[in-house]
Amino acid sequence: MSLAAQRHALPSAPVDDPAFAGLKARIVERTGHHYYVDKDDQLFEHVARRMAANGIDALADYAARLADPIAAAAEWRALESAITINETFFFRFAEQFDVLRRCVLPKLLRERRAKRQLRVWSVGCSTGAEAHSVSILLRDLLGDAVSEWKIGITGTDIDDAAIAAAREARYTSWALRTLGEAERERLFDREGDRWRLKARYRGLARFEHANMMALLDDDAPLQFSEFDIILCRNVLIYFRSDVAKQLVGALVRRLAPTGLLFIGHAEPNPEFADIARPVLVDGVLAYARPDAPAELPVAAPAPPPSPPASPTPPRVAPPTPTAPAKATPAATPAPPPAAPPPTPPAPKPAAAGEVRTALSRGDASQALELAEQEALATPRDPVAHYLAALGALALGDGVRAERGFRSALYLDNGFAMAHYLLGRHLLANGRDAEGNRALRNAARAAAGMANDAELPEGDGMTAGSLVAAVRATLGGAA
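Criteria and cut-off values
- Residues numbered from 1 in each chain as written.
- Predicted model: local features only at pLDDT ≥ 70, side-chain atom pairs only at ≥ 80, totals over all residues.
- Heavy atoms only, no water.
- Helix = DSSP H or I, 4+ residues; strand = E, 2+ residues; numbered from the N terminus.
- Buried < 20%, exposed > 50% of the residue type's maximum accessible area, 1.4 Å probe, protein only.
- Contact = heavy atoms within 4.5 Å.
- Areas by Shrake-Rupley, 256 points an atom, 1.4 Å probe, with all protein chains shown as cover.
- Pairing = 2+ DSSP bridges.
- Axes fitted to C-alpha atoms, helices over the stretch in contact; angles between N-to-C directions.
- Parallel < 35°, antiparallel > 145°, perpendicular 65-115°, else oblique.
- Left-handed = near helix turned anticlockwise from the far one by under 90°.
- Nonpolar A, V, L, I, M, F, W, Y, C, P; charged D, E, K, R; others polar.
- Expected span 1.5 Å × (residues − 1).
- Salt bridge = Lys/Arg side-chain N within 4 Å of Asp/Glu carboxyl O.
- Phe/Tyr/Trp six-rings, centres within 6.5 Å; stacked < 30°, edge-to-face > 60°.
- Lys NZ or Arg CZ within 6 Å of the ring centre and 35° of its normal.
- pLDDT = per-residue confidence, 0-100.

Points about the overall build of the protein chain
1) Next: A tally of helices and strands in the protein chain yields 18 helices and 11 strands.
2) Next: Sorting the 478 residues of the protein chain into buried and exposed places 54% on the buried side.
3) Next: For the protein chain, restricting intrachain contacts to residue pairs at least 6 apart in sequence, the fraction spanning at least 24 positions comes to 72%.
4) Next: With the model as given, the accessible surface of the protein chain reaches about 20,100 Å², and the carbon-plus-sulfur share is 53%.

This is the structure in structure tokens:
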């Protein structure tokens, strides 16, 4: 179906019905999905489906169902599931998993040898690939001794259907796309057109329904505390920036004294340094509690394997190769993302891989400098200008970011990710008409590709998922 046909297929929101405004406000407040604030038709599309499933015709009656003491809990879960977008795959953010495998987990296992206890939380776990990836790492590191440990890997999500899928641990080949054939055979059993995680890896993770917004009211259960590792990656992008900052603060408060929080590459915000301590773990950015000890428990890495492909988050971030091992990789305090480090002496023009490595370790200043040198060396390369825009964006330099995105698009007007991130940047700065136009251009560029085709510089984001993300932002008016 064409984008225009999709747009016309959406039901129009009954904005004149007073029940709609009240229901919309309740949904946004409960879920934190602020992009629905000005996307009435997109929101009503989901609501209308739930009304039809319940045999309800009037919005006021559906609002009453969501307030019914008996039916409300189940219906809220169904509605929350309907409005949530799920996209995940195994070992996403390859360099973060490489640091976990080589540095963080080995040291934690040595430090906890006496108590033999370890806690990990995958927030917004979707269908479980992230939590199961941690299970694989720990099972491989501990071997048969895993049975002697109390390993708690908890995955939480607002979507009940995703939680059910995570518990089943059955996946399409698309979720395994970063794994070579030998690894796929080692870790999974083929079941028809699906792959199921082998039983030896399935037992470590458990999955529960949870709404992140409860963290802001301190309503999270007591067991959600003292985590050694929290993974909250590609989740914060769905929240307004002030809410994202509050959520980061709530998450670091639930870390153990030496625990680490990992977020998505596109999600670091200089303001997070107000409520969490940025640290570098073998070159990868993470966050610790403000009162964390100066020396965090990060080990010297094992010799790195051959660099794997770098699957990284959809929607916004650039692909980032595995960071090379350092001689002394202990976690060290990182400057707040907005504070540029000293200028390196006489750097030569950088390859795109060096730029991505700098971005992945949170060194936006160096990434921008390297990318701009690359753009000067190869002025007709749109990717160089795009990476310069990402570095500028991470530094909060909106003028240079916009210039970089527009330069990339001048050279390649079909660069879907450049259109998409330019649109998000413009919307964030109140330039709605220009931002909406850029997002529509992104969707048009992606619509010319197969739905499952990965977008250039899209970090694993597919053409179909970009179109869906634009629809979610524009309320179907893509």
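The structure having been displayed, the exposition proceeds.
Things to note about the sheet that holds strand 4 (residues 188-191)
1) Next: Read across the open sheet, the 3 strands follow the order 3-5-4; overall the sheet is antiparallel. The open sheet has two free edges, formed respectively by strand 3 (170-171) and strand 4, since each of these has just one partner strand.
2) Next: Relative to strand 5 (residues 194-197), strand 3 runs antiparallel, the two being bridged by 2 bridges. Counted as the bridge partner of R170 is R196 from strand 5.

Some details on the packing of helix 14 (residues 382-395) against helix 15 (residues 398-411)
1) Next: Across the interface, helix 14 lies against helix 15 with an axial gap of 7 Å and an inter-helix angle of 165°. In terms of axis orientation, helix 14 runs roughly antiparallel to helix 15. The way helix 14 lies across helix 15 gives a crossing that is left-handed. Across the interface between the two elements, P382, H385, Y386, A389, L390, A392 and L393 of helix 14 pack against R400, A401, G404, F405, S407, A408 and L411 of helix 15.
2) Next: Looking at the contact of helix 14 with helix 15 residue by residue, the class counts come to 10 nonpolar, 3 polar and 1 charged.

Observations regarding the environment of E95
1) Next: Relative to the elements of secondary structure, E95 occurs in helix 6 (residues 94-111).
2) Next: On the basis of relative accessibility, which here comes to 1%, the residue E95 falls in the buried class.
3) Next: Note: C-alpha distance between E95 and D282 (187 residues apart in sequence) is 9.9 Å.

Observations regarding helix 15
Residues three or four positions apart in an α-helix share a direction because the helix packs 3.6 residues into each turn.
1) Next: Between its first and last C-alpha atoms helix 15 spans 20 Å; for 14 residues at 1.5 Å apiece the expected length is 20 Å, and the two agree.
2) Next: Buried-residue contacts for helix 15 involve helix 14 and helix 16 (416-428).

With respect to the pattern of salt bridges
Side-chain pairing between opposite charges can occur once the charged atoms of the two side chains come close.
1) Next: Tallying each qualifying case throughout the model produces 23 salt bridges.
2) Next: Taking the shortest distance from any N to any O, the salt bridge between D291 and R289 comes out at 3.0 Å.
3) Next: We classify R289 as buried; its relative accessible area is 17%.
4) Next: Notably, a salt bridge pairs E402 with R431, separated by 2.8 Å at the nearest N-O pair. Taken together, the residues span a long stretch of sequence, with E402 in helix 15 and R431 in the loop between helix 16 and helix 17 (432-447) at a distance of 29 residues.
5) Next: According to the relative accessible area criterion, R431 is partly exposed, its value standing at 29%.

With respect to the packing of aromatic side chains
1) Next: This structure, assessed with the given rule, holds 5 aromatic pairs.
2) Next: Among the aromatic residues, those joined into a cluster by ring pairs are Y386, F405 and F415.
3) Next: The ring of F227 carries R119 above its face, with NZ or CZ at 4.4 Å from the centroid.
4) Next: It is R200 that lies over the ring of Y201; its NZ or CZ is 5.1 Å from the centre.

A closer look at the confidence of the model for the protein chain
1) Next: The predicted model of the protein chain averages 76 in pLDDT, with 76% of residues at 70 or higher.
2) Next: The model gives residues 297-330 a pLDDT under 50, and that stretch makes 125 contacts with residues more than four places away or in other chains.

As for the packing of helix 16 against helix 17
When two helices pack together, their arrangement is given by the angle between the helix axes and by the axis-to-axis distance.
1) Next: Interaxial distance between helix 16 and helix 17 falls to 7 Å at its minimum, and their mutual angle equals 160°. By the angle between their directions, the pair helix 16 and helix 17 is classed as roughly antiparallel. Considering the relative orientation of helix 16 and helix 17, their crossing is left-handed. Contact with helix 16, carried on its side by A416, H419, Y420, L422, G423, R424, L426 and L427, involves D432, E434, G435, N436, A438, L439, N441, A442, A445 and A446 of helix 17 and no other residues of that element.

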